[in-house]
Amino acid sequence: MPGEITIAPPVRIIAADHQAEMRVHYQTVLPALGYKLVSAAGTGRELIEHCRQHAPDLVIADCKLPDMDLVDAAEEVCLAGRIPFVVAAAHFDPAQIRRGGADHVWAYLIKPINRIHLEAVIPFALGRFRKMQAFLQELESLRLQAKSGLCLPPVVG
């Protein structure tokens, strides 16, 4: 109906950290911020499986998962479709940032992570991700138009 307010469902998040206290922290803080924590994984393999089962909107994961590199886990998760990742790290590591700066990592947090950090970074990462998705859709649309000959070259002179 016109004028009806639509309430978006909460953002679905999966958190992954090798430290149990961080998983508990996410279980407490994320729902208090209005997000839905659909699972908390302790390993890279668990993260991949939970992403397959729950199709989250966002992943927050520690860069030091015990069984595999986070960038490798993110690449495997994103084979099924793009998901933005926020990476948490115990210390600033420029090499990790360069390696993680691939297609899947949208923001970094340095531990300890508190409510204010999450409150700021989640909308930031999701907003950047959505803008990129819209850009990619527009680019694909233009590519298809050009391929089908619908785009005319500009008139010069």
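Note that this is a predicted model, so its numbers are computed, not measured.

K.L.:
Just to check I follow, could you spell out the overall build of the protein for this structure?
P.N.:
Counting its regular elements, the protein contains 5 helices and 5 strands. Reading the protein from its N terminus to its C terminus gives the helix and strand order β-α-β-α-β-α-β-α-β-α. Across the 157 residues in the protein, those meeting the buried criterion constitute 38%. A sequence separation of at least 24 residues applies to 61% of the contacts in the protein between residues at least 6 apart. For the protein, the accessible area works out to roughly 9,500 Å², and carbon and sulfur atoms hold 60% of it.

K.L.:
What is the right way to look at the pattern of salt bridges in this model?
P.N.:
Close approach of charged atoms allows side chains with opposite charge to pair. In the structure shown here, the tally under the stated rule is 5 salt bridges. We note a salt bridge from Asp-62 to Lys-111, for which the minimum N-O separation is 2.7 Å. Of this pair, Asp-62 sits in strand E3 (residues 58–62) while Lys-111 sits in the loop between strand E5 (105–110) and helix H5 (115–148), and the two are 49 residues apart along the sequence. Taken as a pair, Asp-62 and Lys-111 share a single burial class, namely buried.

K.L.:
Explain the packing of helix H1 (residues 20–32) against H5 here, please?
P.N.:
Closest axis-to-axis distance for the H1/H5 pair is 10 Å, and the angle between their directions is 55°. It follows from the interaxial angle that H1 and H5 lie oblique. In this structure, the crossing between H1 and H5 has a hand that is right-handed. Where H1 abuts H5, its residues Tyr-26, Val-29, Leu-30 and Ala-32 lie against Arg-115, Leu-118 and Ile-122.

K.L.:
Just to check I follow, could you spell out the side chain of Asp-62 for this structure?
P.N.:
On the basis of relative accessibility, which here comes to 2%, the residue Asp-62 falls in the buried class. When residues no more than four places from it in sequence are discounted, the contact partners of Asp-62 are Ala-16, Asp-17, His-18, Leu-70, Ala-88, Ala-89 and Lys-111.

K.L.:
Hey, could you run me through the sheet that holds strand E4 (residues 85–89) in this one?
P.N.:
Working definition: the strands of a sheet are paired by backbone hydrogen bonds and lie parallel or antiparallel to each other. Taken in spatial order, the 5 strands line up as E2-E1-E3-E4-E5 in an open sheet, and their pairing is parallel. Here the strands that pair on one side only, and so sit at the sheet edges, are strand E2 (36–41) and E5. Here the strands of the sheet are splayed against their neighbours by 20° on average, with no regard to which way each runs. Where strand E1 (residues 12–16) meets E3, 4 bridges bridge the pair, whose relative direction is parallel. Residue pairing across strands places Ala-16 opposite Ala-61, the latter belonging to E3. Seen against the sheet, H1 touches E1, E2, E3 and E4 and runs at an angle of roughly 180° to E2.

K.L.:
Just checking my understanding: could you explain the packing of aromatic side chains for this structure?
P.N.:
To describe a pair of aromatic rings, you give the distance between the ring centres and the angle between the ring planes. Enumeration according to the criterion identifies 1 aromatic pair in this entry. Centroid distance Trp-106 to Phe-129: 5.5 Å. Interplanar angle 85°. Geometry classified as edge-to-face. Taken together, the residues span a long stretch of sequence, with Trp-106 in strand E5 and Phe-129 in helix H5 at a distance of 23 residues.

Scoring rules and cut-offs
Residues numbered from 1 in each chain as written. Predicted model: local features only at pLDDT ≥ 70, side-chain atom pairs only at ≥ 80, totals over all residues. Heavy atoms only, no water. Helix = DSSP H or I, 4+ residues; strand = E, 2+ residues; numbered from the N terminus. Buried < 20%, exposed > 50% of the residue type's maximum accessible area, 1.4 Å probe, protein only. Contact = heavy atoms within 4.5 Å. Areas by Shrake-Rupley, 256 points an atom, 1.4 Å probe, with all protein chains shown as cover. Salt bridge = Lys/Arg side-chain N within 4 Å of Asp/Glu carboxyl O. Axes fitted to C-alpha atoms, helices over the stretch in contact; angles between N-to-C directions. Parallel < 35°, antiparallel > 145°, perpendicular 65-115°, else oblique. Left-handed = near helix turned anticlockwise from the far one by under 90°. Pairing = 2+ DSSP bridges. Phe/Tyr/Trp six-rings, centres within 6.5 Å; stacked < 30°, edge-to-face > 60°.

This is a description of form; function is not addressed.
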